[in-house]
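One-letter residues, chain by chain:
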Number of protein chains: 2
Amino acid sequence: MYEQLKLDNQLCFRLYTAARLVMRAYQPYFAPLGITYPQYLVLLVLWEQDGQPVCDIAKRLMLDTNTVTPLLQRMEKAGLVVRQKGKEDTRQRIVTLTEKGMAMREQMASVPECLGADVVSKVGSADEVLAMIPALDKLIGGLKSIDE
Amino acid sequence: MYEQLKLDNQLCFRLYTAARLVMRAYQPYFAPLGITYPQYLVLLVLWEQDGQPVCDIAKRLMLDTNTVTPLLQRMEKAGLVVRQKGKEDTRQRIVTLTEKGMAMREQMASVPECLGADVVSKVGSADEVLAMIPALDKLIGGLKSIDE
DNA sequence: ACAAAATACATCGCACACGATATATTTTTA
DNA sequence: TAAAAATATATCGTGTGCGATGTATTTTGT
């Protein structure tokens, strides 16, 4: 009875747990630099394309501005980015990396590989884990289309 | 350059996003009942085995007591559980479902299926998504062993 | 051109997560 | 058995996520 309400039968619990544990695994690399995992994601977005308005960053990370705005405010206070009023559209806030924010790119360059190695050393092989990517993208695409 | 720092090359971002979007997809089912996703997880644990100490619930969900204790306090205030001092070990707090907490099991019984149907209607097929489960378990097992 | 709708950002409140720390109780160990 | 270590829970502070709401600016529809 209630088979579908067993914790071990739930995909969602696995996703929730895996996401938390991955963030936790990143902690040792982030803590010395004084950044958090979501802040790292913002940096990834800005390293690819600097000088974006808040809404574009939010869209890329699939977050809302009520999450991203305070996040960027903290990052500005930490000296990682600056937020300037847009020239064409004054509603916008253009977010730009500071020297410190750009410099962090080199400091972080080896981290994904290190973490990958950490995981592989425990899991055994990376292939099975990386093979999830297409299915995750499919799931994310489907879930994203639910609320719009 | 910096290929490994591209957002689209990161497994972790997919896990983080998928977990958030799944929780969001659950929202319409939880909101009318006044519970949250983590509270639902606690209910899953207690429906399987009622009357557990805080530490066992935390262990099952791979969370710490500093997350679970306030969670249970809110659930007690909401009338879903009671927390009583343990008889053998008075350090423990035994968490037990109330009538309301137990009744919610039937109200939730069809939710995982409904959500599954929601996702399948968008993703197309469930097989590829469900096929991730063994890899997720492997990943979780590996990550868990990193910090201990 | 001008009122209405849409957009961009911000603020507020609440509920997690989690590191750090504190307290009480049990278990272990010398 | 008494001190030390381990365990169970709780509290505090910070940083997200996100629903609800507010404000300013741009775009749209007539």
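For the structure, see preceding data.
Residues numbered from 1 in each chain as written. Chains lettered and ligands numbered in written order. Predicted model: local features only at pLDDT ≥ 70, side-chain atom pairs only at ≥ 80, totals over all residues. Heavy atoms only, no water.

**What to know about the interface of chain B and chain A**
Moving on, step 1. Taken together, the contact between chain B and chain A spans 60 residues of the former and 60 residues of the latter.
Moving on, step 2. On the surface where chain B and chain A come into contact, there are 6 salt bridges.
Moving on, step 3. A salt bridge links Asp137 of chain B to Arg14 of chain A; its shortest N-O distance comes to 2.6 Å.
Moving on, step 4. Put simply, chain B and chain A have 22 residue pairs in polar contact (both at pLDDT 80 or more) between them.
Moving on, step 5. Every element with two or more residues in the side of chain B that touches chain A is listed here: helix H1 (11–30), helix H2 (37–48), helix H3 (54–61), helix H5 (99–108), helix H6 (111–123), helix H7 (127–130) and helix H8 (133–146) of chain B.
Moving on, step 6. Here the element with the most residues in the side of chain B that touches chain A is H1 of chain B; it accounts for 16 residues.
Moving on, step 7. Split by residue class, the side of chain B that touches chain A holds 39 nonpolar, 5 polar and 16 charged. (Contact = heavy atoms within 4.5 Å. Salt bridge = Lys/Arg side-chain N within 4 Å of Asp/Glu carboxyl O. Polar contact = N/O pair within 3.5 Å; in protein donor to acceptor, adjacent residues only side chain to side chain. Helix = DSSP H or I, 4+ residues; strand = E, 2+ residues; numbered from the N terminus. Nonpolar A, V, L, I, M, F, W, Y, C, P; charged D, E, K, R; others polar.)

**Side note on the packing of helix H2 (residues 37–48) of chain A against helix H4 (residues 65–77) of chain A**
Residue and element names in this part refer to chain A.
Moving on, step 1. H4 packs onto H2 with a crossing angle of 85° between their chain directions and a minimal axis gap of 11 Å. By the criterion of interaxial angle, the relationship of H2 to H4 is roughly perpendicular. Only Leu71, Leu72, Arg74 and Met75 of H4 make contact with H2, whose side of the interface consists of Pro38, Gln39, Val42 and Leu43.
Moving on, step 2. Looking at the contact of H2 with H4, its residues break down into 6 nonpolar, 1 polar and 1 charged. (Axes fitted to C-alpha atoms, helices over the stretch in contact; angles between N-to-C directions. Parallel < 35°, antiparallel > 145°, perpendicular 65-115°, else oblique.)

**Quick notes on the protein's contact with DNA strand D**
Moving on, step 1. Close to DNA strand D lie 26 residues; Gln39 and Arg74 of chain A together with Tyr16, Cys55 and Arg91 of chain B are nearest.
Moving on, step 2. Atoms of DNA strand D within 4 Å of the protein: sugar and phosphate make up 68%, bases the balance.
Moving on, step 3. Between DNA strand D and Thr36 of chain A there is a distance of 2.6 Å, counted from a phosphate oxygen to a side-chain nitrogen or oxygen.
Moving on, step 4. At 3.1 Å, a side-chain N or O of Arg24 of chain B approaches a phosphate oxygen of DNA strand D. (Near = heavy atom within 4 Å.)

**Remarks on helix H5 (residues 99–108) of chain A**
Structural remark: α-helix, 3.6 residues per turn; residues separated by three or four positions point the same way.
Residue and element names in this part refer to chain A.
Moving on, step 1. Along H5, the positions that sit buried rather than exposed are Gly101, Met104 and Met108. All buried residues of H5 lie within an arc of 45° about the axis, which places them on one face of the element. Set apart from the buried face of H5 by more than 90 degrees, the exposed residues are Glu99 and Glu106.
Moving on, step 2. Looking at the buried residues of H5, the elements they touch are helix H1 (11–30), H2, strand E3 (93–97) and helix H6 (111–123). (Buried < 20%, exposed > 50% of the residue type's maximum accessible area, 1.4 Å probe, protein only. Arc of directions from axis to C-beta.)

Geometric values such as these leave the question of function open.
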